[in-house]
Amino acid sequence: MKRFNLQSLIGPNSATIIFFVLSMVVIPSILPNNYWQSIFSTTGVYVMLALGLNIVAGFTGLLDLSYIAFFGIGSYTFAFLCSSHFGIHLPFLVALPICALTAMASGFLLGLTSIRLRGDYLAIVTLAFAQIFRLLLLNLDAPVNITGGVNGIYAFDMINIFSLKVITPENYSSLIWTCALLVFIVSFRLKNSRIGRGWNAIREDELAANTIGINTTRMKLYSFASGALIAGFSGAVFASFQDSVFPNSFGFQQLVIVYCMVIIGGLGNIYGVIAGAVILTVLPEFLREYGGLRMMIYGVVLVSIMAIRPQGLFSAIPGFTRFIKRPDKDETGKLRASTDLYYSQKNDETDKVKYTKQADTLLKIRNISLNFGGLKAIDDLDFDLHKNEILSIIGPNGAGKSTLFNIISGIYQSDHGKVIYRDKDISFFKPHMVAKAGIARTFQNLRLFNELSVIDNIKISRFCRTKAFFFSAILNLKLNKQEEKQTDEKAKEILNMFGQRLTGYRYHQKVSHLSYANRRRVEIARAMATDPQILLLDEPSAGMNPQETLEITKFIKKLRDYYGYTILVIEHKLNLVKAVSDRVIVIDHGKKICEGSYDNVAENPLVVEAYLGKKGKKGNEK
Ligand code: ADP
Ligand code: MG
């Protein structure tokens, strides 16, 4: 008999929804006094604020120190629009979206100028913006009084929502927590959409995200602007609740508090961040009776949490995350020994078309060269890749093989020459455009999204083949639903191609918990999930034992023979090269020294020389 399951009855997140409903309806009416009522409202504001920052810093991994300024922009816009300050008296429901959009527009503009900067540089520019903003607030009171200077602006219009008046502290609590619920839903929907996955990918490995088809610059900009939107929204709500705005509410200290909430909750973890916001707002109040010691205790608690659980209080706790660490059971719940998991792919290939190399050329490499300083990494390289061909590139370490892949996939731009794909010059394509055009790659040194699950790593690759945008994702419209379903099916379909290696409970395992060989497989799967025509595999068997190498050898053959991929593979293990290749190209010092069938190439004296060095002479002289 099926066990009763509350979750399935009211859907996922039931606990969180119940939490918000309690906060909106029940808690405000039972709080003992106005003091606690106001702390409760403040908590709601911080929950919103932290959820917004979580999008930028948590989902996307951007160190945005201007975040608090957008909170301020929202607040001041509200003050301008709903008070006697300028004599504009917009209704609350009209002003609220204007405030949010103003903050978003400011975020977008700042992002345009700074989003290409990374790490520390982004932090410095955004910090400067926040400081300038505060100085403007302080000083724009003369000769024309715009911001009210250090005194700020106060006494706003009464909130009137469809003739429902918001007057008592209780009303405010309910209003604020309703807004918080809204922000939670937006944030939750975004996280579980293609947009959220794209952001996560950027946080985990920006270059890898770019090479699977994500326009990282644009997505970072969206993230920045989304964060600003929520900050502006929270700012407007905050201003109306305070009935005043001052520059001091938007200083560095506030920013640090919000960051602490997000970090303690666990970057990117929505539930954790909500809990972090609640704890850090309420905790200091409980410590109030300790007077001067209060901030010290608070500080010690903060530092301890960060020292003991740097990943955040709530990450990797069952219920908060679903990563399975000890994979002893299969999907039916039966215990399994790891040896049971041996590759046991059914032979379902018989009914499939069998592909072989064709005459037409898919990719033409035309006289490309690339110098690093004085070093000729690629020197006038020229070759063709035919449709449904497996072409191997071999050569000593440092020969320029990986550099060639970097040029094809758009990471490097060659100094001379062209890369032509299906008669189109793609030499100037950025990595995401190359992926979208139909060329996917793996990396010699794995570049997976390590903190994400196996299936999410694959789903991210569907980004460039899906379209659902913010509206569709947030409102979960038909397009989003459809695409999510397809994304899930496609990801599983591809993982299933690897037999039991990557199926069942492995779907939800964190990639960093996988064996090395399995991580290599996930990288290949991730490349396949972008629907490429050409797969570029950079040393797919590196780090694999002989059994695993044999398995991957068969798999590469199968990729072409039964799935019809065109494959360019860099390999050192000659058994593998011999088994899979239609053709082999040998390069040394960035130059092609020989090309032909494996047997021909293996006997070529130049190749023997490149690999073993000339008798009597050392190194790679020619
Ligand atoms: P491999 O054939 O082993 O894959 P690579 O393509 O990685 O060789 O490297 C070819 C040469 O180019 C090496 O000498 C390497 O040190 C150099 N190289 C590769 N990438 C860079 C870079 N970004 N900057 C400077 N030198 C580089
Ligand atoms: Mg290499």
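## Notes on the sheet that holds strand β8 (residues 416–421)
The antiparallel open sheet is built from 4 strands, whose spatial order is β6-β5-β8-β9. In this open sheet, the two edge strands, each paired with only one partner strand, are β6 (375–386) and β9 (424–425). Against the sheet, helix α14 (residues 401–408) makes contact with β5 (361–372), β6 and β8, and its axis sits at roughly 115° relative to β5, the strand it touches most.

## Notes on the domain arrangement of the chain
Taken as a whole, the chain is organised into domain 1 (64–245) and domain 2 (361–621). The C-alpha centroid of domain 2 is placed 42 Å from the C-alpha centroid of domain 1. Taken together, the contacts link 27 residues of domain 1 with 33 residues of domain 2. At the boundary of domain 1 with domain 2, total buried surface from both sides reaches about 2,700 Å², with 67% on carbon and sulfur atoms. Per-residue buried area on domain 1 facing domain 2 is highest for R194, R197 and I212; these three make up 30% of the total on that side. Between D205 and R447 there is a salt bridge, with the nearest N and O atoms lying 2.9 Å from each other. Scanning the region where domain 1 abuts domain 2 turns up 10 residue pairs in polar contact (both at pLDDT 80 or more). Among the elements of the structure, α7 (169–191), α8 (194–204), α9 (206–211) and α10 (216–242) are those that each provide at least two residues to the side of domain 1 that touches domain 2. When residues of the side of domain 1 that touches domain 2 are assigned to their parent elements, the largest contribution, 9 residues, is made by α8. Of the residues belonging to the side of domain 1 that touches domain 2, the class tally is 12 nonpolar, 9 polar and 6 charged.

## A closer look at the site of ligand 1
Close contacts around ligand 1 come from 13 residues, with G398, K401, S402, T403 and Y412 the closest. A distance of 2.9 Å separates an oxygen atom of ligand 1 from a polar atom in the backbone of G400. Look at ligand 1: alone it shows 560 Å² of surface, and the protein chains cover 63% of it. Of all elements in the fold, only β6 and α14 reach the threshold of two or more residues within the shell around ligand 1.

## Here's the deal with the nonpolar core
Nonpolar side chains tend to gather and get buried jointly when the protein is soluble and globular. If you look at the biggest cluster of nonpolar residues, it comprises 101 residues, and the most contacted ones within it are F78 and I214. Here this core gets 13 residues from one element, more than from any other, and that element is helix α3 (residues 34–59). When residues of this core are assigned to domains, at least three fall in each of domain 1 (64–245) and domain 2 (361–621). Ranked by size, the runner-up nonpolar core spans 34 residues in total, among them I390, I455, I567 and L576.

## Examining the pairing of strand β14 (residues 591–596)
On a regular strand, one side chain projects to one face of the sheet and the next to the other, so that they alternate. Of the strand pairs in this sheet, strand β13 (residues 583–588) and β14 are connected by 5 bridges, and their pairing is antiparallel. Among the inter-strand pairings, V586 is bridged to a residue of β14, identified as C594.

## Topic: the sheet that holds strand β10 (residues 439–441)
What links the strands of a sheet is backbone hydrogen bonding, and the strands pair in either a parallel or an antiparallel sense. Taken together, the 6 strands give an open sheet; going across it, the order is β10-β11-β12-β7-β13-β14, and neighbouring strands pair in mixed fashion. Here the strands that pair on one side only, and so sit at the sheet edges, are β10 and β14. Averaged over all pairs of adjacent strands, the angle between their axes in this sheet comes to 20°, without regard to strand direction. Pairing analysis gives 4 bridges linking strand β7 (residues 390–394) to β13, with the strands arranged parallel. Following the sheet pairing, I394 is matched in β13 by V586. Those strands touched by helix α19 (residues 516–528) are β10 and β11 (534–538), and its axis lies near 160° from that of β11. Of the strands in this sheet, β7, β13 and β14 are in contact with helix α23 (residues 605–612), which crosses β14 at around 130°.

## Let's talk about the packing of aromatic side chains
Taken as a whole and judged by the stated rule, the model has 27 aromatic pairs. Taken together, F19, F20, F40, W177, F184, F188 and Y271 form an aromatic cluster joined through their ring pairs. Just above the ring of F449 sits the side chain of R526; from NZ or CZ to the centre is 4.7 Å.

## Considering the coordination of the magnesium ion (ligand 2)
For the magnesium ion (ligand 2), the protein coordination sphere consists of S402 (OG) and Q444 (OE1), at 2.0 Å. One end of the pair, S402, is in helix α14; the other, Q444, is in the loop between β10 and α16 (454–460), and 42 residues separate them in sequence.

## Thoughts on the packing of α3 against α10
Packing of α3 against α10 leaves a shortest axis separation of 7 Å and a crossing angle of 170°. The angle between α3 and α10 places the two elements in the roughly antiparallel class. Together, S38, S41, T42, V45, M48, L49, G52, I55 and V56 of α3 and S223, F224, S226, G227, I230, A231, F233, S234, V237, F238 and F241 of α10 make up the contact between the two elements. Of the residues assigned to the contact of α3 with α10, the class counts are 12 nonpolar, 8 polar and no charged.

## Looking at a nonpolar patch on the surface
On the surface, I17, I18, V21, L22, V25, V26 and I30 cluster together into a nonpolar patch covering about 560 Å² of accessible area. Mapped onto the secondary structure, V21 falls in helix α2 (residues 14–30). For V21, a relative accessible area of 37% corresponds to the partly exposed category.

## A word on the packing of α3 against α7
Interaxial distance between α3 and α7 falls to 9 Å at its minimum, and their mutual angle equals 15°. In terms of their interaxial angle, α3 and α7 are classed as roughly parallel. Considering how the two elements wind past one another, α3 and α7 form a crossing that is left-handed. Residues that form the contact of α3 with α7 fall into these classes: 16 nonpolar, 7 polar and 2 charged.

## Thoughts on the pattern of salt bridges
Inspection of the entire model under this criterion finds 24 salt bridges. Taking the shortest distance from any N to any O, the salt bridge between D531 and R462 comes out at 3.0 Å. Separated by 69 residues along the polypeptide, D531 in the loop between α19 and β11 and R462 in the loop between α16 and α17 (470–474) bring together distant segments of the chain. Taking the relative accessible area as the measure of exposure, D531 reaches 32% and is therefore partly exposed.

## Let's talk about unusual backbone geometry
Each neighbour pair has its own omega, and for A142 with P143 the value is 0°, a cis peptide bond. The backbone of N367 shows a phi angle near 45°, a positive value even though the residue is not glycine. Tracing the backbone shows N367 in strand β5. The class of N367 is partly exposed, set by a relative accessible area of 37%. A positive phi is found at N388, a non-glycine position, where the angle reads about 60°.

## Details of the environment of L51
Within the element layout of this structure, L51 appears in helix α3. Using a relative accessible area of 0% as the deciding quantity, one classes L51 as buried. Taking the C-alpha atoms as reference, L51 lies 6.6 Å from V273; in sequence the two are 222 residues apart. Setting aside residues up to four positions removed in sequence, L51 forms contacts with V183, F184, S187, I270, V273 and I274.

Cut-offs used in this document
- Residues numbered from 1 in each chain as written.
- Chains lettered and ligands numbered in written order.
- Predicted model: local features only at pLDDT ≥ 70, side-chain atom pairs only at ≥ 80, totals over all residues.
- Heavy atoms only, no water.
- Pairing = 2+ DSSP bridges.
- Helix = DSSP H or I, 4+ residues; strand = E, 2+ residues; numbered from the N terminus.
- Contact = heavy atoms within 4.5 Å.
- Axes fitted to C-alpha atoms, helices over the stretch in contact; angles between N-to-C directions.
- Domains from an automatic or database assignment.
- Buried area = accessible area lost by both parts, 1.4 Å probe.
- Salt bridge = Lys/Arg side-chain N within 4 Å of Asp/Glu carboxyl O.
- Polar contact = N/O pair within 3.5 Å; in protein donor to acceptor, adjacent residues only side chain to side chain.
- Nonpolar A, V, L, I, M, F, W, Y, C, P; charged D, E, K, R; others polar.
- Near = heavy atom within 4 Å.
- Areas by Shrake-Rupley, 256 points an atom, 1.4 Å probe, with all protein chains shown as cover.
- Core = buried A, V, L, I, M, F, W, Y, C linked by side-chain atoms within 4.5 Å.
- Buried < 20%, exposed > 50% of the residue type's maximum accessible area, 1.4 Å probe, protein only.
- Phe/Tyr/Trp six-rings, centres within 6.5 Å; stacked < 30°, edge-to-face > 60°.
- Lys NZ or Arg CZ within 6 Å of the ring centre and 35° of its normal.
- Donors = N, O, S within 2.8 Å, 3.2 Å for Na, K, Ca; no water.
- Parallel < 35°, antiparallel > 145°, perpendicular 65-115°, else oblique.
- Patch = residues over 30% accessible without salt bridge, like charges linked within 9 Å, V, L, I, M, F, W, Y side chains within 5 Å.
- Left-handed = near helix turned anticlockwise from the far one by under 90°.

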